[in-house]
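Take a look at the letters that make up each chain.
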Amino acid sequence: MNNYFIAGTDASVGKSYVLLSLLRQLKEQGVNAAGFKPVACGDRTEARSMREAMGCPTLSLDLINPVYLRSVADPMMAAELERKEISTASIVQAYKELSSQYETVLVEGCYGWATPLAPGVTMADLAKELALPILLVVENRRGAAGLVAPILAAIRQAGLTCAGLVLNHPAEEWDTAAVTNKDLLERTTSLPVLASLINGDDVAPELIDSLA
């Protein structure tokens, strides 16, 4: 697999879940893969989970997660509360160091695509600096297509490529929207829905094959 930037239509849509599932399956396949969480706010639970999925318990959390802010807030405000400044240059440097050690690096975006990191700097700007293909995680619910369209437009405007969509359905039951979203998204975006998941299931092996 190549390296990918895993973005989401919003916070809590399943980015970490998809990334961790991919890491575990890649490890089972013998691929030397790493997770990279540029910014974490509140705690480092997801970064620790990435390290566990990688099977590297002694790897520095600062390499997996170079910017850690204790405040539970959006990154820019958390940084201001702690009198820090988020530097995309230092994040890119940490990414390069990690990618020099691993065959595949999966980068997890923080919150939504346009989340502010610093005055005049967003998560989209970081994605542009990393210049990786995007894997967009979409919560499988009513209105999903309307959320996806402007993000895809922004991705293309940044000169980046979206490799495909992953639909994540966190609820136990499916309504009509959830059943029809795959067809709707593929018809309106001309992109493949690479996996349609119920939260708690492993990412389908076909997803890894399609990203190879």
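Presented here is a report on the structure given in the accompanying data block. (Residues numbered from 1 in each chain as written. Predicted model: local features only at pLDDT ≥ 70, side-chain atom pairs only at ≥ 80, totals over all residues. Heavy atoms only, no water.)

## Topic: helix α5 (residues 88-99)
- For α5, built from 12 residues, the straight-helix expectation of 16 Å at 1.5 Å per residue is met to within 8% by its first-to-last C-alpha distance of 16 Å.
- Where α5 is concerned, the buried positions are T88, I91, V92, A94, Y95 and L98. In an axial view of α5, the angular spread of the buried residues amounts to 160°, which keeps them on one side of the axis. Turned more than 90 degrees off the buried face of α5, the exposed positions are A89, Q93 and K96. (Helix = DSSP H or I, 4+ residues; strand = E, 2+ residues; numbered from the N terminus. Expected span 1.5 Å × (residues − 1). Buried < 20%, exposed > 50% of the residue type's maximum accessible area, 1.4 Å probe, protein only. Arc of directions from axis to C-beta.)

## Overview of the nonpolar core
- Residues F5, L22, V39, W113 and L136 are the most contacted members of the largest nonpolar core, which totals 76 residues.
- Examining the composition of this core, we find that 7 residues originate from one element, helix α1 (residues 15-28), more than from any other.
- Once residues lying within four places of it in the same chain are set aside, the contact partners of L22 are I6, L106, L135, V203, L207 and I208. (Core = buried A, V, L, I, M, F, W, Y, C linked by side-chain atoms within 4.5 Å. Contact = heavy atoms within 4.5 Å.)

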